[in-house]
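Below are the chains, spelled out letter by letter.
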Amino acid sequence: MNKYCKMMEHVHMPEEQHRQLREQLMERTGNRGVRPIWQRYAVAAALALCLMGTAVTAYAAVHYQWFDVFFDNGNTNIDIMEEMTAKASTEEVTAQDKNYKFTVRHHLYSKEQQMGMIICSFQFLEEDQTYLNVWSKEQNGVILKKGGMIDGQEFMEKCKDRSQRQLNFHIGDESQQQMIFSELSYLADENVTEDGEYMIGIRYSFRMENAGGEVSNLILSLENAGDVEGNLKARLPKSQEIESVCFASETNPKDVFVISPIGMTFTMTVDKADHPENTFDHEIMDSFKMVMDHGTKTNADMAGDYETSVLQEETEMSSTWCLQRGFTELVDTSKIDHIELDGEKFTVR
């Protein structure tokens, strides 16, 4: 069975990204049952196409205020930005072969939430028949090649024979076998150095197939670069742990939100009888509210670049799902009073 068939989940993202993902998936799969694959394995498609997000900064900001790459309020929420920056690793690690080179410059990781962010530089050295697919600030797909940047739609229209191979960044543990993950890449700087170096932001999240599993080392690898198993890879430097706050349901204590400044996870157990398709109902998130000292943020206010749901555990009667969402605005967790969802109140545990 294909390794992606183990996961299934949903991906929710801005409509334009969703549309482009579906179109590109259909192009790549021809007439081989695209519709059921798209419906059941949207996350796998997102991984394969390496979909991207928002927000661009200048090169200097990548080094000194690199959170602006991921967050729209990085310059206004200075205290939290400085706190997160201090927790991020600054150790640089490089992976290189004759065709490619990438250097991890910053890494921030929430162990409890199993999500993180990376800033890295990337270069094509020799290979000219491959490309990296990213997103620009304007939500347009951008193709990165050795010779420069190309509009994504234009590239796909011209490259009908699929002679060009797509590169994908992959985050996993050392075995590369125990993780279900999603990954989004951003064009962090529109300027390319004289050496042809691109600056890229990578946002990722994952869940262990064994929910209680521990990850000792995370690896960033470049797949389809001559070795689909990720021959070109580097160990991600460890960062300090990001503090998070747990909010549990007052009526179902096992249903919990874990909120940190960079994102949230939500674990919820549902009766299979109420969900015969055994899928997570993302529409329930439309009722999400974060009640704070200075007002209430609704689901629309908290919308991120993506939202994934993973079937974490199941019995004959119930299914336990884990939802992950990366925020596009830094959140001050000390200001949160409680969470509301579908008439339920979640308070600090």
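Residues numbered from 1 in each chain as written. Predicted model: local features only at pLDDT ≥ 70, side-chain atom pairs only at ≥ 80, totals over all residues. Heavy atoms only, no water.

Here we take up the overall build of the protein chain. Looking only at helices and strands, the protein chain has six helices and 21 strands in total. Taken over 349 residues, the protein chain has a buried fraction of 54%. Long-range pairs, those at least 24 residues apart, make up 67% of the contacts in the protein chain with a sequence separation of at least 6. Of the roughly 16,100 Å² of accessible surface on the protein chain, 45% is carried by carbon and sulfur atoms. (Helix = DSSP H or I, 4+ residues; strand = E, 2+ residues; numbered from the N terminus. Buried < 20%, exposed > 50% of the residue type's maximum accessible area, 1.4 Å probe, protein only. Contact = heavy atoms within 4.5 Å. Areas by Shrake-Rupley, 256 points an atom, 1.4 Å probe, with all protein chains shown as cover.)

When helix α5 (residues 78-87) is considered as a whole, its buried residues turn out to be Ile80, Met81, Met84 and Lys87. Relative to the axis of α5, the buried residues are bounded by an arc of 125° and lie together on one face. Across α5 from its buried face, at more than 90 degrees, point the exposed residues Asp79 and Ala86. For α5, the elements touching its buried residues are β3 (100-110). (Arc of directions from axis to C-beta.)

Predicted coordinates in regions of low pLDDT should not be interpreted in detail. Residue-level pLDDT values for the protein chain average 77, and 73% of them are 70 or greater. The low-confidence segment residues 24-64, where pLDDT is below 50, has 113 contacts with residues more than four positions distant or belonging to other chains. (pLDDT = per-residue confidence, 0-100.)

Moving on to unusual backbone geometry. Note on backbone geometry: most residues besides glycine have negative phi, and most peptide bonds are trans. Positive phi, close to 55°, is recorded for Gln114, a residue that is not glycine. When you line up the elements, Gln114 lands in the loop between β3 and β4 (115-124). Here Asp342, not a glycine, exhibits a phi torsion of approximately 50°, which is positive. Note on placement: Asp342 falls in the loop between β20 (336-341) and β21 (344-348).

Okay, the pattern of salt bridges next. The final tally for this structure, using the stated rule, is six salt bridges. Here Arg235 makes a salt bridge to Glu91, at a shortest N to O gap of 3.4 Å. With Arg235 in strand β12 (residues 232-235) and Glu91 in the loop between α5 and β2 (93-96), the pair connects residues that are 144 residues apart, well separated along the chain. Glu91 sits in the partly exposed class, given a relative accessible area of 41%. Between Arg325 and Glu307 there is a salt bridge; the shortest N-O distance is 2.3 Å. Of this pair, Arg325 sits in strand β19 (residues 318-326) while Glu307 sits in strand β18 (residues 307-314), and the two are 18 residues apart along the sequence. The residues Arg325 and Glu307 share a single accessibility class, namely buried. One network of salt bridges, in which partners are shared, links Glu92, Arg105 and Glu197. (Salt bridge = Lys/Arg side-chain N within 4 Å of Asp/Glu carboxyl O.)

Attention now moves to the packing of aromatic side chains. Summed over the entire model, instances satisfying the criterion amount to 15 aromatic pairs. Aromatic pair Phe122 and Phe124: ring centres 5.0 Å apart, planes at 80°, arrangement edge-to-face. We classify Phe122 as buried; its relative accessible area is 0%. Between Phe257 and Phe288, the ring centres sit 5.5 Å apart and the planes meet at 50°, which makes this aromatic pair tilted. Of the two residues, Phe257 is situated in strand β14 (residues 256-260) and Phe288 in the loop between β15 (263-271) and β16 (289-292); the sequence distance between them amounts to 31 residues. Owing to a relative accessible area of 1%, Phe288 belongs among the buried residues under this scheme. Through a chain of ring-to-ring contacts, the aromatic side chains of Tyr100, Phe102, Phe122, Phe124, Phe169 and Tyr198 assemble into a single cluster. (Phe/Tyr/Trp six-rings, centres within 6.5 Å; stacked < 30°, edge-to-face > 60°.)

Right, let's get into the environment of Lys238. Structurally, Lys238 is set in the loop between β12 and β13 (245-249). Separated by 149 residues in the primary sequence, Lys238 and Ser89 have C-alpha atoms spaced 6.3 Å apart.

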